[in-house]
Amino acid sequence: MDAWDYSPFWIEAMKQLAEELSEQEFSMWFSIDYDSATQNTINIRVPSAFFRDQLAKNYQARIEKKLYEISGKQLSIDFVVVKPATDENAAKYHSPKTLDSSQDEPRKTNSQSDKNLIAKEPTQPVKHPQMNLNHTFENYVIGENNSFAANAALAIAKNPGKAYNPFLVYGGVGLGKTHLMQAIGNRAFGLNQKLKIICVSAETFTNDFIEALNAQKLSAFKNRYRSVDMLLIDDIHFFDKKESLQEEVFYTFNALYDAGKQMVFTCDRPASELKNLNDRLRSRFERGIKVDLQPPSYEMRFAIIKRKAEGLNTTISDDVIDFIARNISTNIRDIESALTTLVAFTELSNKKIDLKTTEQVLKDSINQIKHSNVTIDHIIRAISDHFRVSSNDLKGKKRNKNIVFPRQVAMFIARDITEYSTTEIGLEFGGRDHTTVMHSCQKTEERLKIDPTLDITIQKIIQVIKDGSKA
Ligand code: ADP
Ligand code: MG
């Protein structure tokens, strides 16, 4: 296959267009397929010359703009007329699936991209000492929130070092960053065991470095890390605040980048929010493709629970799955541990997994999760009640004092008691910039210094939020 595989960008662009256009318009015009790509051009198969001309006239600029937004590259489109084998529609861009789930096998088409992205891989799993063999694409459930990430990851596993380098996966805890990163490594290793892969946490990298430094074996350390074909580093937020280490990472990065070797990093927030990362390293981390893993939707949670239950050799009825999916929405790790608790309990007590047992067994875990996971919505609701302003106004554009003040307090509280980043908070407050959130927090801190009653108010609201989020 060609070295320039831009099909994940294409799929993501089509997915977004499917959401923006009416179903009718989309299915009418977008029965078109990714064919191949060169460095700056994507070749798209269209069913006739008529389609080619209409698409070029009405949609080409829009698609190219979208591709630019997604990939950061100026990619142009070439429409190639090929008589179609079957028609396609928007449906395939929806509903959670795994990359190999046979019940979701895509319809047979002559589309190269489908084959590349969703078909089964005839690879044998091969254990790599630094990776977990369960962290595969086969075990990775794909939904709206991670399809772009997963497809890009798959393209990397097949063609390391080509179009997506480095690959930076970020997102909150338990959302599948480590799994996805190792899936790349496992697949690449399965395809080619000669590939030299290092997969480490940022912490291990750091410890190796310090050990080498102490033992005066720095050159061995450098040789080891700079001679790999693929370097996977988990949780790079660990490098924040570590100056001398950042220097070493920087040189390792440059050596591998210049040699066209693949790098994959995960981080718990966008690199722009690592406050103590030096700028040149930050710009390196952000040079390639960045993908953001979002918390799973209800459908996705449902699909994951079903699949994990199968993995545990238990069948769980849909009402129980629904109960878990509705009550545990934080992340996939929490879902997994709830399920393990449930299965363990029922096996030990010889009970059937029904709704009543599930409610009893998971009551505590659910309360605990809810307590530690206040959402921005909880905060907006409490602020809205306390100051008697509507949540729409809190998220809206109005700048009157009686709205601006509560809005700033809300953002301050969000920063204070949740793990959301300023970027995420800004988005929740009507798509504001993260600098606005930072400004709001500063303002509130200044006020706190001169107005002792404000602290009492804020503590009261926080209590309401915490109680409310447990309900
Ligand atoms: P993170 O590194 O983001 O904290 P992990 O990759 O460790 O999260 O994922 C937490 C758990 O959830 C792991 O056991 C992982 O296998 C599982 N998991 C995460 N995402 C998915 C997914 N899309 N499909 C199936 N399991 C997943
Ligand atoms: Mg992780």
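Everything numeric here is computed off the predicted structure, so don't read it as measured data. (Residues numbered from 1 in each chain as written. Chains lettered and ligands numbered in written order. Predicted model: local features only at pLDDT ≥ 70, side-chain atom pairs only at ≥ 80, totals over all residues. Heavy atoms only, no water.)

### Looking at the sheet that holds strand 7 (residues 197–201)
Rule in force here: Strands were regarded as paired on the criterion that DSSP finds at least two bridges between them. Each helix is a run of H or I in the DSSP string that is no shorter than four residues. Each strand is a run of E no shorter than two, and both are numbered from the N terminus. All axes are obtained by fitting lines to C-alpha atoms, using only the stretch in contact for helices, and the reported angles, taken between N-to-C directions, cover 0 to 180 degrees. The contact definition used throughout considers only heavy atoms, calling two residues in contact when any of these lie within 4.5 Å.
With parallel pairing, five strands are arranged side by side in an open sheet as 7-8-9-6-10. Only two strands of the sheet have a single partner each, and these edge strands are strand 7 and strand 10 (289–292). Ignoring strand direction, the axes of neighbouring strands in this sheet form an average angle of 10°. The sheet contact formed by strand 6 (residues 167–170) and strand 10 spans four bridges and is parallel. Among the inter-strand pairings, Leu-168 is bridged to a residue of strand 10, identified as Lys-290. Sheet strands touched by helix 6 (residues 147–158): strand 6, strand 9 (262–267) and strand 10. Its angle to strand 6, the strand with the most contacts, is close to 150°.

### Quick notes on the site of ligand 1
The condition is simple: Each residue is tested against the molecule or strand, and it is near if at least one of its non-hydrogen atoms lies within 4 Å. The definition of a polar contact used here is a pair of N or O atoms within 3.5 Å, where within protein one atom must be able to donate a hydrogen and the other to accept one, and adjacent residues in sequence count solely through side-chain atom pairs. Domains are outlined according to an automatic or database domain assignment.
The local shell around ligand 1 holds 18 residues, among which Gly-174, Lys-177, Thr-178, His-179 and Glu-336 are the closest. In the environment of ligand 1, an oxygen atom lies 2.7 Å from a nitrogen or oxygen atom belonging to the side chain of His-179. Contributing elements (two or more residues each) for the shell around ligand 1: helix 7 (177–191), helix 12 (298–311) and helix 14 (332–349). Shared between two domains, the shell around ligand 1 takes at least three residues from each, and those domains are domain 2 (147–293) and domain 3 (298–371).

### As for the environment of Tyr-34
Keep this limit in mind: Each residue is assigned to one of three classes by its accessible area relative to the maximum for its type, calculated with a 1.4 Å probe on protein chains only: buried under 20%, partly exposed between the two thresholds, exposed over 50%.
Mapping Tyr-34 onto the fold places it in strand 1 (residues 33–37). Take Tyr-34: its relative accessible area is 2%, and that puts it in the buried class. Once the C-alpha coordinates of Tyr-34 and Pro-8 are considered, the two residues, 26 residues apart in sequence, prove to be 9.7 Å apart. Within polar-contact distance, the side chain of Tyr-34 engages the backbone nitrogen of Tyr-6 at 2.8 Å.

### Re helix 20 (residues 434–450)
Basically, it comes down to this: Helix span, expected: 1.5 Å multiplied by one less than the number of residues in the helix. Of all possible arcs, the one meant is that of the directions from the helix axis to the C-beta atoms.
Relative to the 24 Å expected for 17 residues at 1.5 Å per residue, helix 20 spans 25 Å between its end C-alpha atoms, a close match to the ideal helical length. Those residues of helix 20 that sit buried are Val-437, Ser-440, Cys-441 and Thr-444. One side of helix 20 holds all its buried residues, which, seen down the axis, span an arc of 95°. Exposed side chains of helix 20 directed beyond 90 degrees from the buried face belong to Lys-449 and Ile-450.

### Re the packing of helix 6 against helix 7
Basically, it comes down to this: These descriptions rest on fixed angle ranges, namely under 35 degrees for roughly parallel, over 145 for roughly antiparallel, 65 to 115 for roughly perpendicular, and the rest for oblique. Handedness of each helix crossing follows the sense of rotation of the near helix against the far helix: counterclockwise by less than a right angle gives left-handed, clockwise gives right-handed.
At a closest axis distance of 8 Å, the pairing of helix 6 and helix 7 adopts a crossing angle of 30°. The pairing of helix 6 with helix 7 is recorded here as roughly parallel in orientation. Crossing hand, helix 6 versus helix 7: right-handed. Touching Ala-149, Ala-150, Ala-153, Leu-154, Ile-156, Ala-157 and Lys-158 of helix 6 are Leu-180, Ile-184, Arg-187, Ala-188 and Leu-191, all from helix 7.

Just geometry here; none of it tells us what the structure is for.
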